[in-house]
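Okay, here's what each chain looks like letter by letter:
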Amino acid sequence: MSVDAPAPEAARRRPGPAPLLEVEGMTRHFTVSGTRIDVLRDCTFRVGRGEVVAIVGQSGSGKSTLLNVLGLLDRPSGGTYTFDGVDTTRLGEGPRSRLRGEGIGFVFQQFHLLERRTALANVGVPMVLGGVPLLRRRTRARELLEAVGLGHRLHSQPHQLSGGEQQRVALARALSREPALILADEPTGALDAASSTVIMDQLLEQARIRDAAVVVVTHDPKVAARADRVVELVEGRTR
Ligand SMILES: Nc1ncnc2c1ncn2[C@@H]1O[C@H](COP(=O)(O)OP(=O)(O)O)[C@@H](O)[C@H]1O
Ligand SMILES: [Mg+2]
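Everything quoted here is computed from the prediction, not taken from an experiment.

Q: Could you clarify how one ought to interpret the environment of Leu-154 in this entry?
A: Tracing the chain through its elements places Leu-154 in the loop between α5 (134-147) and α6 (163-175). In sequence terms Leu-154 and Val-123 are 31 residues apart; their C-alpha atoms lie 9.7 Å from each other. Leave out the neighbours within four places in its chain, and Leu-154 touches Thr-118, Ala-119, Leu-120, Arg-142 and Leu-145.

Here it is as structure tokens:
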């Protein structure tokens, strides 16, 4: 072969592994009483496997709206959102909900645990939806609660736990199906400074152990400082 021969197709592709998330020119508007509100105007960014990205911006800047789209809970009005190589804007509801269940774990500011259910049962919820058999579910839920330091709280209900402990149960629940992506919307927003540090320690440690990507919305500079990268939302545009 001559040295001037064109490179084979594989060698001409972009180097490095493909990103887990690719958001290109994403928009989202809402229409309220006939008036259009452009919340997301142009969001473009990528997140690699195992990467931790913080999304910051003023209250009302569209952070939760963006996270809902990333979590396949909502559809963008325009642009593309590629998750693990799949263009999600072309998927129907069935495949979207499968991808969400298998690929994405959620942590919310207000924990959203089921009251009157034990920590073990709460961590098991996504596995019930995923058809994991009971014994396997129990074992895995116990292991996850032990991993976040709640091995002594397996049978406690949410009202018997502190806010920080409830959020650790929610983190264990988010990890239960080994998602490639964890989305956290102000996960420390309802916690005091000490509990916030513990939650961030565990979120980042568990994500690293499992090579999961993390996208965390926060207004806490201490949380943002711990991310690999910060994406700022200003007037509906990422920068
Ligand atoms: N379903 C909806 N219908 C109408 N407006 C919405 C809807 N969801 C969000 N918004 C508006 O979009 C803007 C951004 O909201 P949000 O994404 O919750 O901001 P953030 O999380 O950054 O505080 C707000 O003005 C909010 O009122
Ligand atoms: Mg929000």
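Next comes the rest of the write-up.
Q: Can you walk me through the packing of aromatic side chains in this structure?
A: For any two aromatic rings, the description comes down to two numbers: the centre-to-centre distance and the angle of the planes. For the structure on display, the rule yields one aromatic pair. Pairing Phe-106 with Phe-108 gives two aromatic rings, centres 6.0 Å apart and planes at 5°, and the pair type is stacked. For Phe-106, a relative accessible area of 18% translates into the label buried. A relative accessible area of 28% means that Phe-108 is categorised as partly exposed.

Q: Even after reading the chapter, I still don't get helix α2 (residues 63-70), so can you show me in this structure?
A: It helps to recall that an α-helix has 3.6 residues per turn; residues three or four apart then point in one direction. Of all eight residues in α2, six are buried; the element is thus mostly enclosed. Where α2 is concerned, the buried positions are Lys-63, Thr-65, Leu-66, Leu-67, Val-69 and Leu-70. Downstream of α2 by one or two residues, Leu-72 has phi in the positive range, about 60°.

Q: Whenever I open this one, unusual backbone geometry confuses me. Can you help?
A: Most peptide bonds take the trans configuration, and most residues that are not glycine carry a negative phi. Positioned with a positive phi, Leu-72 is a non-glycine residue whose angle comes to about 60°. Positionally, Leu-72 belongs in the loop between α2 and β4 (78-83). Phi at Phe-111 is positive, roughly 65°, even though this residue is not glycine. Tracing the chain through its elements places Phe-111 in the loop between β6 (104-108) and α4 (119-129).

So, how was this worked out
- Residues numbered from 1 in each chain as written.
- Chains lettered and ligands numbered in written order.
- Predicted model: local features only at pLDDT ≥ 70, side-chain atom pairs only at ≥ 80, totals over all residues.
- Heavy atoms only, no water.
- Helix = DSSP H or I, 4+ residues; strand = E, 2+ residues; numbered from the N terminus.
- Contact = heavy atoms within 4.5 Å.
- Phe/Tyr/Trp six-rings, centres within 6.5 Å; stacked < 30°, edge-to-face > 60°.
- Buried < 20%, exposed > 50% of the residue type's maximum accessible area, 1.4 Å probe, protein only.

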